[in-house]
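The residues making up each chain are set out below.
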Amino acid sequence: MNRPSCLLASALTAGMLLSTAACSGDGGDASGRTDRSASPAAASASPVSASPVADAPRAAASSSSASASPAVRELTKDEARTALITNTDLGSQWTTSEGAATWRDALLKSKVDASQFVTDKGNAADCQQLLDGLYAEDLLGKPKGESADTGFDDSDDEAQMRYEVAAYGKQALDDRFTWLDSLPDKCDQFTAVSPKGGKQTVQVIHTDLDDAGDARKGLQIKMTGDLDDNPDTLTLDFAAVRVGDSALSLTNGGLSGAEHDSTTQATAAGADRLKDVLNGKSPQPTQG
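Structure report, in brief. Note that this is a predicted model, so its numbers are computed, not measured.

Quick look at the environment of leucine 209 now. For leucine 209, the location among the structural elements is in the loop between strand S6 (199–207) and strand S7 (215–227). Along the chain, leucine 209 and threonine 267 lie 58 residues apart, while their C-alpha atoms are 7.9 Å from each other. When sequence neighbours within four positions are dropped, the list of residues in contact with leucine 209 reads Arg216, Lys217, Gly218, Ala239, Ala240, His260, Thr263, Thr264 and Thr267.

Given below as structure tokens:
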């Protein structure tokens, strides 16, 4: 009479064992928690954070963040002043300027004789812009930020140097450097007329500068004409060096010529000073 009951009990026990085994095979335990190590399939499954699809946006964002350029720090007024060179950067013959030379108004206020540019009137405008920029001392254009300038006189040959540091913006400087680079071709030699009606021959050539800053451009301009009814030749070096979004520029020369060594010495020392200032450092003292 007890045999059927025993069989039924055995069957129930076997069913419970099979059910327990099935749960165990799914990674469960008696508490209902998941044990991924109990199943090869579960062990090989990667968590969501390790998925290439899930990680791709985060990796791209990280890469974009790492490659993004930091915001450009604008040059302050004090920093512009600090970045200026001094006469100790040039040599013992250079002293603080006592004022503009008389040849500035007599020669640099000249107007281009446009009649010589028969086939390309645009060149006449570029050559006039060159003369106007030399006179106004803004061949790099108007600064978009802070600026500072200084001047020096050379006691050896009565040359003068006008030196400026200013913030312009990288694109504006790149465009200006491209324009300056075109002038020796557009304005190789032309005639200009002085305020008193005298004719002057103007020549423009490239000059080399030391490898300073991020970009650099050098020109030499010679103007031969009458000054106080006497023939004279004014020779001016123009040099500009870009450092980031800022630049230094200078004109150097006079009626006795332009000492190009002083030009390169000024641009090399000035580029180092400007770079130090933009990096938050104090410029290194000039080595005697």
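Its place among the elements puts threonine 263 in helix H8 (residues 260–278). The spatial distance from the C-alpha of threonine 263 to the C-alpha of threonine 251 is 8.2 Å, given a sequence separation of 12 residues. In this view, threonine 263 contacts Leu209, Asp237, Ala239, Leu250 and Asn252; residues no more than four positions away in its chain are not counted.

Within this structure, the stated rule accounts for 12 salt bridges. With a shortest N-O distance of 3.7 Å, arginine 162 and aspartate 149 are connected by a salt bridge. One end of the pair, arginine 162, is in strand S4 (residues 160–167); the other, aspartate 149, is in strand S3 (residues 147–154), with 13 residues separating them in the sequence. When the shortest N-O distance is used, the salt bridge between arginine 162 and glutamate 164 registers 2.9 Å. No difference in accessibility class separates arginine 162 from glutamate 164, as the two residues are buried. A single salt-bridge network, built from bridges that share partners, covers Arg104, Glu137, Asp149, Arg162 and Glu164.

To continue, consider the layout of surface pockets. The space that makes up the second largest pocket amounts to roughly 220 Å³. Lining the second largest pocket are 16 residues, with Arg104, Glu137, Gln160, Arg162 and Thr251 sitting closest to its centre. For the lining of the second largest pocket, the elements supplying multiple residues, two or more each, are helix H5 (103–108), S3 and S4.

Calculation rules
- Residues numbered from 1 in each chain as written.
- Predicted model: local features only at pLDDT ≥ 70, side-chain atom pairs only at ≥ 80, totals over all residues.
- Heavy atoms only, no water.
- Helix = DSSP H or I, 4+ residues; strand = E, 2+ residues; numbered from the N terminus.
- Contact = heavy atoms within 4.5 Å.
- Salt bridge = Lys/Arg side-chain N within 4 Å of Asp/Glu carboxyl O.
- Buried < 20%, exposed > 50% of the residue type's maximum accessible area, 1.4 Å probe, protein only.
- 1 Å grid on protein atoms, 1.4 Å probe; cavity = no way out; pocket = protein on both sides within 12 Å on 5 of 7 lines; lining within 4 Å.
- Points joined across faces, edges and corners; volume = space filled by probe spheres on them.

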